[in-house]
Amino acid sequence: MQSLEHANAELKKALDVANRARRDATQQAERLRLLDHASSVLASSLDYGTTVAAAARLAVPDFADWCSVDVLVGGEIKQLASSYIETPGLRRINEMRLRYPLAPDAETGLAKVIRTGETVFMPDVTEAFVAAQARSPEHLAAILESNIRSLMIVPMVARGHIIGAMTVASATAARPLDQGSLALARDLARRAAVAIDNAQLYQAAVVANETKANFLATMSHELRTPLTAIIGYDELLAEGITGQVNDAQREQLDRIKVNARQLLALIEEILLYTRVEAGRESVHLEEVQPKPVLELGRRA
C-alpha cells in the first residue's frame, strides 16, 4: 500500500514537473514570437513618431495592460507614446501623465531610471511608491483608480547613452509581471531604443541634407547673378560700346567670356542637382550613343 502511494506521489511530481516545463516552453516560445514581431515592427519605419508609437504598442495586450515610452528631449522627460487596455482607470492615469509632466530630478520612478539607468521592478506596487509618484490628491486618486498591481520601468539605452525608458504595468490580478516579463521588457526596451535612435539619426540626416541642398541652391543663385553681369559687360566691351577694341584686348575678353560661361555651366549643374535631390526635377533615362556626346563636349 505504501509503495503504491509512493508511486502515485512520484507520478504526480513527474506530472507537475512536465506541466511546468511545458508552461515554461510555451511562455518562452511566446516571448520569442513577440520579440521577432517587435524586430519586424520596429524595423518597418524610420519615421520617428511611427517608431515610438510602435514601441509603446508592443507590450499591450500580450503581457501587460499599460505601456508608455518616455524620451529625454532637451533635458525634459516627454511621454511620446502610450498604449493601454481600454478601461476608465487606465485611461485616466494616461491623461494624468500628460497633465503632470515629470521633473527630471525626481528622486523616484521614471525620472530616476532615466537618470541612473537602474531598472525598477515591483511585482506588487506598494502604497509608499504610489504616494511618492502622486503630484496632487487628484493625481493620487487617478493612480489608485488605475488599479495597477505590478510595474516595471526599464531604461532604453542606445550607443551607450540612456535615451529614455519604457514603463510596463499590469492591472490584472491573474496576470502579474514576473521575472520572465522583466526579461522580455528589457529585450523590448533594447530593441526599441536602437530603433528610436536610428529614427532620430535618420531625421537628423534628412534635416542636414535639406540644409545642404538649400545652401547649394542659395549659393548657386548668388553666384549666377554676378556671373551673368560679367558675361553681359564682356559682350558690351567686345562690341566696342566704350571704344575701339584691338585684337589683343578682344582675345582677353574672349578668355573672360569662355571661363565665365564654364563657371556658369557648373553653377547650373549644381542647381540641377539640388532640384533633382529635392524632387523638383524629373530624371529621364534613355540610351544614347556616347561618341556624338563626346564630340559635342570636345567642340564646346
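A brief report on the enclosed structure follows. Small disclaimer: the values here were computed from a predicted structure and weren't measured.

1. Overview of unusual backbone geometry
Phase 1: Phi is positive for Asn147, close to 60 degrees, though the residue is something other than glycine.
Phase 2: Tracing the backbone through its elements, the reader meets Asn147 in the loop between α6 (137–146) and β4 (150–158).
Phase 3: Phi is positive for Arg159, which is not a glycine, with a value near 55 degrees.
Phase 4: Residue placement: Arg159 occurs in the loop between β4 and β5 (161–170).
Phase 5: Overall, the relative accessible area of 61% leaves Arg159 in the exposed class.

2. What to know about the nonpolar core
Phase 1: The biggest cluster of nonpolar side chains holds 28 residues, and the ones touching the most others in it are Phe63, Val69, Met156, Met166, Val168 and Leu188.
Phase 2: Those elements that place two or more of their residues in this core are α2 (48–57), β1 (66–73), β4, β5 and α7 (179–238).
Phase 3: Here the element with the most residues in this core is α7; it accounts for 8 residues.
Phase 4: When sequence neighbours within four positions are dropped, the list of residues in contact with Val168 reads Phe63, Ala64, Trp66, Cys67, Ser150, Leu151, Met152, Leu177 and Ala185.

3. Some thoughts on the pairing of β1
Phase 1: Most of β1 sits inside the fold, with 6 of its 8 residues counted as buried.
Phase 2: Across 8 bridges, the pairing between β1 and strand β2 (residues 76–84) is antiparallel. Across the sheet, Asp70 pairs through a bridge with Gln79, a residue of β2.
Phase 3: Two elements, β1 and β5, share 6 bridges in a ladder whose sense is antiparallel. When the bridges of β5 are listed, Ser68 appears paired with Thr167.

Procedures and definitions
Residues numbered from 1 in each chain as written. Predicted model: local features only at pLDDT ≥ 70, side-chain atom pairs only at ≥ 80, totals over all residues. Heavy atoms only, no water. Helix = DSSP H or I, 4+ residues; strand = E, 2+ residues; numbered from the N terminus. Buried < 20%, exposed > 50% of the residue type's maximum accessible area, 1.4 Å probe, protein only. Core = buried A, V, L, I, M, F, W, Y, C linked by side-chain atoms within 4.5 Å. Contact = heavy atoms within 4.5 Å. Pairing = 2+ DSSP bridges.

Such coordinate-based values are descriptive only and should not be taken to indicate function.
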